[in-house]
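The lines below spell out each chain.
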Amino acid sequence: MAQQPPTAEALQRNFLLMTVGFSVNHATVVTVIALATAHLGQRLSAYDLALFNASYVVTGLAAQGAVIAAAGLRGALLTGTGLYCVYVLSFLAATLCDEGSAVQWLVALSGAVVGGFGAGFLWGAQGAYFTANSEAYAAAARIPCGQATAQLSGTFATYYLATEVGTKLLASLVMGSAWGGAGAEHTVYALFTLLAGLSAMSLLWISPLQPQQATADLGLVAVEPEPGPGAAAAEPS
């Protein structure tokens with residue numbers, strides 16, 4: 001018996017799962033970078049961020065397409081968020097090292113290279129997955145692709161911004177408490193390492209959509225309205 005194509009509701013849930021997992025994972029990275037100056041010192045945190053950005057740019061220019069093609073969209077999302085977890089973990093490890101030691105520098109800068117490598121293809125994979133999910137959702141819901149993209153864009157933006165604000169508030173609360181105050185700075189990094197890991201693992205349950213071929217692979221047909229009241233025509237997306 002042929003497998004039934006996913007419904008519009010299932011594709012909405014799939015997109016929401018990807019959005020939340022990606023957003024929480026990314027928010028942990030943004031938050032620990034913001035905290036780095038206070039806990040690692042201005043010089044090391046500056047080198048850390050510079051090396052992260054350099055690794056990000058080089059990977060994006062030289063290897064992004066190859067990684068996504070080899071791993072697939074879901075695989076690239078899982079790999080990229082997994083490397084983000086390593087980056088967040090490197091902050092935890094660095095805070096446990098002697099301040100200013102060679103080991104602390106090695107741990108922090110190694111994590112920056114790994115995190116930048118992941119970022120170099122993670123955003124490309126997210127964008128392609130967003131497009132594939134939008135196309136499949138448009139076909140399943142029988143609405144124009146532009147309408148589906150606008151709807152899912154609003155969902156993504158809402159969760160993306162909300163999680164970033166939420167993680168920064170959470171960091172402030174933890175650091176202001178007895179568990180994360182002076183002498184226990186590593187607590188907040190341990191918490192964000194856990195959040196990064198759980199959010200990355202959640203992407204194991206998203207559908208393995210393919211770029212530009214999502215609707216064909218799913219056996220769906222996109223619908224674009226023709227001019228005139230009540231007229232519509234089914235066309236391949």
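The structure under discussion appears in the preceding block.
Since we're looking at a predicted model, the values are computed, not measured.

With respect to the packing of aromatic side chains
Ring pairs (aromatic) are described by centroid distance and by the angle formed between their planes. One pass over the full model with this rule turns up 11 aromatic pairs. Summarising the aromatic geometry, the rings of Phe91 and Tyr189 are spaced 6.1 Å apart at their centres and angled 5° between planes, so their arrangement reads as stacked. Here the residue Phe91 occupies a position in helix α3 (residues 64–96), and Tyr189 occupies one in helix α6 (residues 186–202), the gap between them amounting to 98 residues. The same class applies to Phe91 and to Tyr189, which are both buried. Ring plane angle 75° and centroid distance 5.9 Å describe the contact between Trp123 and Tyr160, whose orientation is recorded as edge-to-face. One end of the pair, Trp123, is in helix α4 (residues 102–141); the other, Tyr160, is in helix α5 (residues 145–175), and 37 residues separate them in sequence. The class for Trp123 is partly exposed, based on a relative accessible area of 29%. For Tyr160, a relative accessible area of 18% corresponds to the buried category. Each member of the aromatic cluster is reached from another via a ring pair, and the members are Phe15, Phe22, Trp123, Phe130, Phe156 and Tyr160.

Side note on a nonpolar patch on the surface
Judged by side-chain polarity, Leu194, Leu198, Met201, Leu204 and Trp205 come together as a nonpolar surface patch covering roughly 570 Å² of accessible area. Tracing the backbone through its elements, the reader meets Leu204 in the loop between α6 and α7 (214–217). Using a relative accessible area of 46% as the deciding quantity, one classes Leu204 as partly exposed.

Some remarks on the packing of α5 against α6
Packing of α5 against α6 brings their axes to within 9 Å, and their N-to-C directions diverge by 145°. Seen along the crossing, α5 lies across α6 with a hand that is right-handed. In this structure, α5 contributes Thr167, Leu170, Ala171, Val174 and Met175 to the contact, and α6 contributes Thr187, Val188, Leu191, Phe192 and Leu195. Its residues placed into classes, the contact of α5 with α6 shows 8 nonpolar, 2 polar and no charged.

Considerations on helix α2 (residues 42–62)
When the terminal C-alpha atoms of α2 are compared, their 30 Å separation across 21 residues agrees well with the 30 Å that a helix rising 1.5 Å per residue should span. Within the span of α2, buried status applies to Leu44, Ser45, Asp48, Phe52, Ser55 and Thr59. What you see down the axis of α2 is that its buried residues fit within an arc of 95°, all on one side. Among the exposed residues of α2, those oriented more than 90 degrees off its buried face are Gln42, Arg43, Val58, Leu61 and Ala62. Packing partners of the buried residues in α2 comprise α1 (8–40), α3 and α4.

Conventions we followed
Residues numbered from 1 in each chain as written. Predicted model: local features only at pLDDT ≥ 70, side-chain atom pairs only at ≥ 80, totals over all residues. Heavy atoms only, no water. Phe/Tyr/Trp six-rings, centres within 6.5 Å; stacked < 30°, edge-to-face > 60°. Helix = DSSP H or I, 4+ residues; strand = E, 2+ residues; numbered from the N terminus. Buried < 20%, exposed > 50% of the residue type's maximum accessible area, 1.4 Å probe, protein only. Patch = residues over 30% accessible without salt bridge, like charges linked within 9 Å, V, L, I, M, F, W, Y side chains within 5 Å. Areas by Shrake-Rupley, 256 points an atom, 1.4 Å probe, with all protein chains shown as cover. Salt bridge = Lys/Arg side-chain N within 4 Å of Asp/Glu carboxyl O. Axes fitted to C-alpha atoms, helices over the stretch in contact; angles between N-to-C directions. Left-handed = near helix turned anticlockwise from the far one by under 90°. Contact = heavy atoms within 4.5 Å. Nonpolar A, V, L, I, M, F, W, Y, C, P; charged D, E, K, R; others polar. Expected span 1.5 Å × (residues − 1). Arc of directions from axis to C-beta.

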